[in-house]
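Next come the chains, spelled out residue by residue.
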Amino acid sequence: MALTKLTLFLFFMVAVTLFSSALTRKANQEKLKVLVLYESLCPDSVRFMQRQLGPNYNDLKDYIDISLVPFGKSYSENNGAQFYCQHGPKECLGNRQQSCILQQTNDQEQQVEFAVCQMTISNKSRGIDDCARSSGLSNDIDTCMTSELGTLLQLEAEQITHSYAPTFVPTIVYDGVFDQQLQDNSLRNFRGTVCYLLQKRGDISLHSDVCQ
């Protein structure tokens, strides 16, 4: 009888240890890194924000570490003295505005809420103010826009973007590695693509509610 109690106790302790270890591994596990390279006036970027990122982010946010980089097929001259953008000066202005708003916080939920709102609103200039307020961020970006900070933010965005040499905007990069198949799938089914990668990593089960 004593041996049985000891066996049960040891079994219980092993089970607790294994469960604790599993929780620790889960807590320490890095989220799936998602990098979105986009442009403020790009119709394809708007479509991705409106139809893919916006509707699916809340369900996926606990599993992904997302970075939004507004630059796209732009380029700079003379260390940021001048920027040129695919859709003209208004897009350069929009990219800089987005950088100035996004840098206010590390809260990715706020960043995504702002970007999706501003990208999909019809009145882009008014959208900066309205979307900043609705996402809990400040619309007071005049200092950033007219100072070296705004330039540095766009130079950083340029460096990140050009390191992947995107041929299409938006470009979606997972865990720091560009994959054309994942890119194509993301534009059609962002949620499904993220779920595929999460399942492949072992982060969620095949029948996880988040992917249904």
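Residues numbered from 1 in each chain as written. Predicted model: local features only at pLDDT ≥ 70, side-chain atom pairs only at ≥ 80, totals over all residues. Heavy atoms only, no water.

1. Points about the pattern of salt bridges
Opposite charge on two side chains permits them to pair, given that their charged atoms come into close proximity.
Link 1 in the chain: Under the counting rule described, the total for this entry stands at seven salt bridges.
Link 2 in the chain: Between Asp-130 and Arg-133 there is a salt bridge, with its nearest N and O atoms 3.7 Å apart. Here Asp-130 and its partner Arg-133 are both found in helix 5 (residues 124-134), three residues apart, which amounts to about one turn of the helix.
Link 3 in the chain: Taking the relative accessible area as the measure of exposure, Asp-130 reaches 28% and is therefore partly exposed.
Link 4 in the chain: Classification of Arg-133 by relative accessible area gives exposed; the value is 53%.
Link 5 in the chain: Among the salt bridges present, the one from Arg-201 reaches Asp-203, with a minimum N-O distance of 2.8 Å.
Link 6 in the chain: When its relative accessible area of 9% is taken as the criterion, Asp-203 is described as buried. (Salt bridge = Lys/Arg side-chain N within 4 Å of Asp/Glu carboxyl O. Helix = DSSP H or I, 4+ residues; strand = E, 2+ residues; numbered from the N terminus. Buried < 20%, exposed > 50% of the residue type's maximum accessible area, 1.4 Å probe, protein only.)

2. Thoughts on the packing of aromatic side chains
Link 1 in the chain: Taken as a whole, this structure holds three aromatic pairs when the rule is applied.
Link 2 in the chain: Their ring planes at 80° and their centres at 6.2 Å tell us that Phe-71 and Phe-83 sit as a pair that is edge-to-face. With Phe-71 in the loop between strand 2 (64-70) and strand 3 (75-77) and Phe-83 in strand 4 (residues 82-84), this pair connects stretches of sequence that are twelve residues apart.
Link 3 in the chain: You can call Phe-83 buried: its relative accessible area is 12%. (Phe/Tyr/Trp six-rings, centres within 6.5 Å; stacked < 30°, edge-to-face > 60°.)

3. Some remarks on the packing of helix 2 (residues 43-60) against helix 9 (residues 190-201)
Packed helices, taken two at a time, are described by the angle their axes make and the gap between the axes.
Link 1 in the chain: Packing of helix 2 against helix 9 brings their axes to within 8 Å, and their N-to-C directions diverge by 45°. The orientation of helix 2 relative to helix 9 falls into the category oblique. Judged by residue contacts, Phe-48, Gln-52, Leu-53, Asn-56, Asp-59 and Leu-60 of helix 2 engage Phe-190, Arg-191, Val-194 and Cys-195 from helix 9.
Link 2 in the chain: For the contact of helix 2 with helix 9, the per-class residue count stands at six nonpolar, two polar and two charged. (Axes fitted to C-alpha atoms, helices over the stretch in contact; angles between N-to-C directions. Parallel < 35°, antiparallel > 145°, perpendicular 65-115°, else oblique. Contact = heavy atoms within 4.5 Å. Nonpolar A, V, L, I, M, F, W, Y, C, P; charged D, E, K, R; others polar.)

4. Digging into the layout of surface pockets
Link 1 in the chain: Volume-wise, the largest pocket comes out at about 320 Å³.
Link 2 in the chain: Taken together, 13 residues line the largest pocket, and the ones lying closest to its centre are Leu-68, Val-69, Leu-102, Glu-156 and Ile-160.
Link 3 in the chain: Breaking the lining of the largest pocket down by element, the ones donating at least two residues are strand 2, helix 3 (89-102) and helix 7 (148-162).
Link 4 in the chain: Of the residues contributing to the lining of the largest pocket, the split by class is eight nonpolar, four polar and one charged. (1 Å grid on protein atoms, 1.4 Å probe; cavity = no way out; pocket = protein on both sides within 12 Å on 5 of 7 lines; lining within 4 Å. Points joined across faces, edges and corners; volume = space filled by probe spheres on them.)

5. Looking at the state of the cysteines
Link 1 in the chain: The full count for this structure, using the stated rule, is four disulfides.
Link 2 in the chain: At a sulfur-sulfur separation of 2.0 Å, the disulfide partner of Cys-100 is Cys-144. Between Cys-100 and Cys-144 the disulfide shows an S-S torsion of about -80°. By sign, it is left-handed. One end of the pair, Cys-100, is in helix 3; the other, Cys-144, is in helix 6 (residues 142-146), with 44 residues separating them in the sequence.
Link 3 in the chain: Taking relative accessible area as the criterion, Cys-100 reaches 0% and is therefore assigned buried. (Disulfide = S-S within 2.5 Å.)

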